[in-house]
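Below, each chain spelled out in residue letters.
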Amino acid sequence: MRDDVRGEEQPDQGRELLAVSVRSEDGNTVDWPTVPGLYRLLERIGAEGDTFLVVERIPGDEQYYVQTRRDEGEPYQVEYRDGSAKMHFQADIDSTAHVLAVFVAWARGEENWKGPHSWRRLRL
């Protein structure tokens with residue numbers, strides 16, 4: 001099973017694999033990450049050339065995704081698109097753990113995945 005951020009094969013350690021594909025700014029993609037693997041990807045973004053992640057469900061639909069951007073020392077700008085451009089929203093989230101909770105709940109299709117955050121519609 002895949003267990004690290006590079007997608008290398010690792011022994012099964014009983015960790016849930018998320019049915020998502022995660023693409024980083026440098027073009028690297030990790031399919032079926034574990035929750036700890038996704039956390040490591042989120043935690044590392046913020047440096048120049050490594051500022052965002054886009055997460056899509058497997059199988060994917062380019063109209064439905066969550067993504068985040070972060071500059072070093074700044075909060076995460078988390079966005080989701082739920083169909084058309086009119087359904088594109090953003091929230092600022094300070095904590096890596098809170099962004100992870102949003103991403104994992106979204107990946108699982110949980111009803112309350114947006115959490116307590118203040119989402120505002122983006123006009124694209």
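Residues numbered from 1 in each chain as written. Predicted model: local features only at pLDDT ≥ 70, side-chain atom pairs only at ≥ 80, totals over all residues. Heavy atoms only, no water.

### A look at the environment of Trp 106
Heads up, the rule is: Note on conventions: DSSP H or I runs of at least 4 residues are helices, E runs of at least 2 residues are strands, and numbering of each starts at the N terminus.
Considering the arrangement of structural elements, one finds Trp 106 in helix H2 (residues 96–108). Between the alpha carbons of Trp 106 and Val 55 there is a distance of 9.6 Å; along the sequence they are 51 residues apart.

### Looking at the packing of aromatic side chains
For clarity, the cut-off: Aromatic contacts are taken between Phe, Tyr and Trp rings whose centres are within 6.5 Å, Trp giving its six-membered ring; a plane angle under 30 degrees counts as stacked, one over 60 as edge-to-face, and the others as tilted. Only protein chains enter the area calculation, which uses a 1.4 Å probe; residues under 20% of their type maximum are buried, those over 50% are exposed, and those in between are partly exposed. Definition used: whenever NZ (Lys) or CZ (Arg) falls within 6 Å of the ring centre and also within 35 degrees of the ring normal, the charge is taken to sit over that ring.
Applying the stated criterion across every chain yields a total of four aromatic pairs. Seen from their ring centres, Tyr 80 and Trp 119 are 5.1 Å apart, and the 75° between their planes marks the pair as edge-to-face. Of this pair, Tyr 80 sits in strand S5 (residues 76–82) while Trp 119 sits in the loop between H2 and strand S7 (120–121), and the two are 39 residues apart along the sequence. Assessed through its relative accessible area of 4%, Tyr 80 is described here as buried. Grouping aromatic residues by their ring pairs yields a cluster made of Tyr 80, Phe 89, Trp 113 and Trp 119. Across from the ring centre of Trp 106, 3.9 Å away, lies the NZ or CZ of Arg 57, which sits over that ring. The lysine or arginine in question, Arg 70, covers the ring of Tyr 76, its NZ or CZ lying 4.7 Å from the ring centre.

### Considering the pattern of salt bridges
Proximity of charged atoms lets side chains of opposite charge pair with each other. Worth spelling out the cut-off: One side-chain nitrogen of Lys or Arg within 4 Å of one carboxyl oxygen of Asp or Glu is enough to make a salt bridge.
A full pass over the atoms with the stated rule returns five salt bridges. Among the ionic pairs, Glu 16 bridges to Arg 108, the shortest N-O distance being 2.6 Å. A residue pair is termed long-range when its members are at least 10 positions apart, and Glu 16 in the segment before strand S1 (20–24) and Arg 108 in helix H2 qualify at 92 residues. Judged by its relative accessible area of 35%, Glu 16 is partly exposed. Salt bridges sharing common partners tie together Glu 16, Arg 108 and Glu 110.

### Some words on the pairing of strand S6 (residues 88–93)
How we decide: Strands are treated as partners if at least two bridges between them are detected by DSSP.
Summarising burial for S6: five of the six residues are buried, a large majority. Pairing geometry for S5 and S6, over six bridges, is antiparallel. Its bridge partner being in S6, Glu 79 is matched across the sheet by Gln 90. Adjacent in sequence and paired antiparallel, S5 and S6 are bridged by five residues, among which Gly 83 carries a positive phi angle near 110°. Where S6 meets S7, two bridges bridge the pair, whose relative direction is antiparallel. For Gln 90, the partnering residue across the bridge sits in S7 and is Arg 120.

### Considerations on the sheet that holds strand S3 (residues 52–57)
Heads up, the condition is: Note on contacts: a residue pair qualifies if any of its non-hydrogen atoms lie within 4.5 Å across the two residues. Here an axis means a line fitted to C-alpha atoms, over the contact stretch when the element is a helix, while the angle between two N-to-C directions is reported on a 0 to 180 degree scale.
Taken in spatial order, the seven strands of this open sheet run S2-S1-S3-S4-S5-S6-S7, and their pairing is antiparallel. Either end of the sheet is taken by a strand with one partner, and the two such strands are strand S2 (29–31) and S7. Sheet contacts for helix H1 (residues 35–44): S1, S2, S3, strand S4 (64–69) and S5; angle to S1, the most-contacted strand, approximately 20°. Contacting S1, S3, S4, S5 and S6, H2 crosses the sheet at an angle of about 170° to S4.

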